[in-house]
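Each chain, letter by letter, is given below.
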Amino acid sequence: MASKYLVLGGSSGGYLAIMVSRLLGIEYGNIVVKKFPDEETYIRIVNDVAGKIVVYINSLQPSPNDKIIETIYTLYTLKDLGAEKVYAFIPYMAYARQDERFTAGEVVSIEILAKLFRDIETDGIYTIDMHLHRISDPRALFGENFYNLTAIPLLADYVKKHYELDKPIVIGPDEESLQWARVMAECLGGLKYDVLIKKRVSAEEVIIEVANVDVSDRDVILVDDIISTGGTMAESLKALYNLGAKRVLVTCVHALLVGKAYEKILSYKPLDMVATDTVLSPISRVSIAPLIARTIEEDIMS
Ligand code: R5P
């Protein structure tokens, strides 16, 4: 008898969809995504989804604008083709940092993106460590079926297994990273944690101000949600070594590693760099597939 569950992956989610289907022993389906010669997106859902409970996985990076079109078109079509239920897993949610009109006339991108998701009326939208800084209630934007999961415990497990750290302390590079630093510290057995002070000069440039943190002669686990241009991590490494830190392990959930970010951070001599595979990168050593699989089991299959 054909299973009622089907896992599908978009062009930034196929690898996760395959891993999740293996972990849960459910069918993995195919979607063809191509570009027409004029750059418009062509999508075809190959499997028959009528009457099925479908889980669709796609990250909105790299090429966020293309991934948004692909994701929204696919989710809409899954409903249109008669899927009984449609769940969207968006491991990396784009535009979460454009959550305010910082300068007159600016587009508040995340509000519009959330409305696009809401209008499709999927049965659940799941994301991972979305950049919730000024957004206090994401459900007010995305609707009641929105869930923000965290991959920090998985990163912490990796740190525990792979590094012998001396007098470790967890540090976040800025005020909003306190949420991730706190969870990382708890998962590592109640370590001390603190944050630095960051001032953003431009999209590419930040200044880290030396906060009153005591890292002298200690190993530091530096944790943030996103590495984009690498400026935040590079400047934090510089500040922490200036404060006398022994070694600094760079960790993050979403390694976008735009341009030369990887080289930039490496040049400041971190002990190592570790991220999850919400977005595939050279430092994606921790898979979020078990987190997605567990969530499907608990929320969707039970
Ligand atoms: C924003 O504050 C985020 O939490 C990250 O700190 C930021 O996106 C990192 O950007 P970049 O790598 O370009 O400094």
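Residues numbered from 1 in each chain as written. Predicted model: local features only at pLDDT ≥ 70, side-chain atom pairs only at ≥ 80, totals over all residues. Heavy atoms only, no water.

Q: Even after reading the chapter, I still don't get the sheet that holds strand β14 (residues 247–255), so can you show me in this structure?
A: Each strand in a sheet pairs with its neighbour through backbone hydrogen bonds, running either in the same direction (parallel) or in the opposite one (antiparallel). Sheet architecture is open: six strands sit in the order β10-β9-β13-β14-β15-β16, paired in parallel fashion. Edge positions in the sheet fall to β10 (193–195) and β16 (284–286), since each of these pairs with one other strand and no more. If you compare each strand with its neighbour and ignore which way they point, the axes differ by 35° on average. As paired elements, strand β13 (residues 219–227) and β14 share eight bridges and run parallel to each other. Paired with I226 across the two strands is H254, which belongs to β14. (Pairing = 2+ DSSP bridges. Helix = DSSP H or I, 4+ residues; strand = E, 2+ residues; numbered from the N terminus. Axes fitted to C-alpha atoms, helices over the stretch in contact; angles between N-to-C directions.)

Q: Is there a simple way to think about the side chain of T74 in this case?
A: With respect to the helices and strands, T74 occurs in helix α2 (residues 64–80). Overall, the relative accessible area of 1% leaves T74 in the buried class. Beyond its immediate sequence surroundings of up to four residues, T74 is in contact with I31, I43, I45 and Y56. (Buried < 20%, exposed > 50% of the residue type's maximum accessible area, 1.4 Å probe, protein only. Contact = heavy atoms within 4.5 Å.)

Q: It is not clear to me how unusual backbone geometry should be interpreted in this structure. Could you clarify?
A: What is expected of a backbone is that most residues other than glycine have negative phi and most peptide bonds are trans. Residue P62 follows Q61 across a cis peptide bond; omega there is -15°. Within the fold, P62 resides in the loop between β5 (53–57) and α2. The phi dihedral of E39 is positive, around 80°, even though this residue is not glycine. Unusually for a residue other than glycine, K269 sits at a positive phi of about 55°.

Q: Would you mind showing me how to read the pattern of salt bridges here?
A: If charged atoms from side chains of opposite charge come close, those side chains can pair. Going through the model one piece at a time under the given rule, you end up with 15 salt bridges. A salt bridge links D66 to K35; the nearest nitrogen and oxygen atoms lie 2.9 Å apart. Of the two residues, D66 is situated in helix α2 and K35 in strand β3 (residues 31–35); the sequence distance between them amounts to 31 residues. The partly exposed category is assigned to D66, whose relative accessible area is 32%. Given the relative accessible area of 39%, K35 is considered partly exposed. Taking the shortest distance from any N to any O, the salt bridge between E100 and R134 comes out at 3.9 Å. Taken together, the residues span a long stretch of sequence, with E100 in the loop between β6 (85–90) and α3 (109–120) and R134 in the loop between β7 (124–128) and α4 (138–142) at a distance of 34 residues. Given the relative accessible area of 35%, E100 is considered partly exposed. (Salt bridge = Lys/Arg side-chain N within 4 Å of Asp/Glu carboxyl O.)

Remember that the coordinates give geometry; whether it matters functionally is a separate question.
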